[in-house]
Structures are given as C-alpha cells and as structure tokens.
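A closer look at the structure
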Amino acid sequence: MAEGEDEGSVAVVIRALAANLGIAIAKFVVAFISGSAAMLSEAVHSLADTGNQVILLLGMRKARRSEDRRHEFGYGSERYFWAFIVAVSLFTMGATFSIYEGVDKIVHRHSETLGNPLYAFIVLGVSLSLELFSLQGAVAEFRQFRAGRSFRRAFEESRDPVVFVVMFEDLADIAGLLLALAGVGLSKLTGDVLWDGLMSINVGVVLAFVAAFLAWKTKHLLIGEAVTAQERDQIIALTQGSEGVRKLIHLRTLHLGPDEVLVGAKIAVAHDDTAAAVARAIDAAELRVRAAVPTATVIYLEPDIDRSRDPR
C-alpha cells in the first residue's frame, strides 16, 4: 500500500472513531432516560466500535515497525492480528450483550416500563446521520481501491483489512439503529416493551453475523494469502521474460502485510551458465518484478535446470 493510501485508511478510522465516540455518549444518556434495552445495546455497541477504532489505529502503528532479529520479515501482519481482534470484540462486546439485554427485557417485560421515547428518536436520528458520515468516508476509500472492479472481486483481492472492517461496522451500526428505532416505536405504539427486547436481539444477531464475516476474512489474511491472480500472472511473465531466465519452474507468494509480499521462486537457467551469469539473471528478474509490483519487497530466486514443470 502506498503512503497516500495508508493515510487514507488512517483518515477513515479517525473519522469513524470520532463519530462512534459522540454517538456512544449520546446513546448512554438517552438509554438512561428512556429505559430502552435496544438503545442500551446500541450504546454498548457504539462504545465497542470506538474501542475497535483505537485497536485498528494501534495495529496500523505497530505494523510500521522495522524488522528486527526476532521478526526478520517485519511487523506488517500486525494489521491482520488486530483486525481479527476487532472482529472478536464486535461479537463478544456487541452481539452477546445485545442479545442478553433483549432476552432480559422480554423475560421481565411485565415489570419494565418504557420512558419518554422522544429523546430516543432524537439521538437515533443524530446517530444515523453521523454513521452515514462515517460510512461515506469508508465507501469513498474503498471505491478508490476498487478502481472499476466489481465489489466482490475488490473485496476478495483486498489485502488490507482496515477499510472494509470500518465499512462493515458502519453498515452494522446503521442496521442496528434502524432496528432500535423500530423497537422504540413499536413499544410506544403497543405499550409493550416486548418489541424493544425483540429488536435488541435482532441487533445482536446482525452484529454476530458481521463479526463472523469479518473474522472469516481476517483469518485468511492472518494465516497468509498469496498475491492476486493478476499479480501472479504478472510476476510469472516478468520473470520468464527476463534475460538469462529460460523458465519459471515454480512460484510461491505470501503477503507479510498489506504492502509487503514475499516472493519465492525457482528459475531455470542454462546448464552451462557461469555463476556470474546466473547472478546477473537473478538480479535482472528481481528488478523487473519490483518495478512492476512494488509490494514485492522480499524476493528469493533459486536457480535450477528446466524440469518442464508448469509454474502455475
């Protein structure tokens, strides 16, 4: 990821952090006034989101550290680890609490009363506006990365979890706010807080689904994903087209971080090439790959004799 793209990701996270912090404070105040379980679950959710943004910023900062003797390939995968923690946090602090509050409200609904819902409607409207503001920033950054590709392809090829974690969190927030609005409104119309409890459970289900989805994506990044198919084809073509390289025997790639790729390959050279000629061929191939694929920061090429193996 280029420096400008990294700054864009930071801006998206800070924007979301500011919005969620203000929303969390407002929701806690209104939850206390209105007595809404759905509102309380939304307040906890927004507070968890605020903490999640801090975690993402922490991960981005830690990922910038240079390699050392203990971590010779650097700390780029810190982004993946902390993004996975965010997914776990979204489930434990958001989903489980929302479901618990909803069940508790339903079980004790005959002894529960719903306060004046006017404050709830006001803060929910304000919160919805702020969440849309945060989502707009995340979508704009994702659209820039998407670069004309389909949403599914861009998501599958993304190796930086920060923007899509914020984007899906914002979508979950908006869905939760709409459910909370429905819960407060139906409880007011019917005089039964059962609806408030049901909507709180629904908020929890939405959060659990989003958390599982983000955990699935960040798990693959944490385990280690290869470059995209397009980048792989590009590396193969550049290596095989390099002077002194007769064929690329096999290729392995691994993302050490969003903008750091490890490339390991075995190349075929002439059986009678001198050591100097082989070294020149390796250097030339590395230069070609690095020029076209800037994320290929670590490249290891092993010379061998052509054994007619398909590099794909």
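Residues numbered from 1 in each chain as written. Predicted model: local features only at pLDDT ≥ 70, side-chain atom pairs only at ≥ 80, totals over all residues. Heavy atoms only, no water.

1. Re helix H6 (residues 161-190)
The end-to-end C-alpha distance of H6, which contains 30 residues, comes to 43 Å, matching closely the 44 Å that a straight helix rising 1.5 Å per residue would cover. At the N-terminal end of H6, a side-chain oxygen is found 3.3 Å from the backbone nitrogen of Val162, two or three residues along, and the residue is Asp160. Following H6 by one or two positions, Gly191 adopts a phi angle in the positive range, close to 75°. (Helix = DSSP H or I, 4+ residues; strand = E, 2+ residues; numbered from the N terminus. Expected span 1.5 Å × (residues − 1). Polar contact = N/O pair within 3.5 Å; in protein donor to acceptor, adjacent residues only side chain to side chain.)

2. Notes on unusual backbone geometry
Most peptide bonds are trans, and most residues other than glycine sit at a negative phi. Here Ala147, not a glycine, exhibits a phi torsion of approximately 50°, which is positive. For Ala147, the location among the structural elements is in the loop between helix H4 (118-146) and helix H5 (151-157).

3. Quick look at the nonpolar core
Among the nonpolar cores identified, the biggest contains 35 residues, and Leu56, Phe164, Val165, Val166, Met167, Phe168 and Leu214 are the most heavily contacted of them. Broken down by secondary-structure element, the contributors of at least two residues to this core are helix H1 (3-34), helix H2 (37-63), helix H3 (78-107), H4, H5, H6 and helix H7 (194-223). A per-element tally of this core places H6 first, with nine residues. (Core = buried A, V, L, I, M, F, W, Y, C linked by side-chain atoms within 4.5 Å. Buried < 20%, exposed > 50% of the residue type's maximum accessible area, 1.4 Å probe, protein only.)

4. As for the pairing of strand S1 (residues 247-257)
In the case of a regular strand, side chains alternate between the two sheet surfaces. Among the 11 residues that make up S1, eight are buried, leaving the element largely enclosed by the rest of the structure. Examined bridge by bridge, S1 and strand S2 (residues 260-268) share nine bridges and lie antiparallel to one another. Its bridge partner being in S2, Arg252 is matched across the sheet by Gly264. Here S1 folds back onto S2, and the loop between the two strands holds two residues. (Pairing = 2+ DSSP bridges.)

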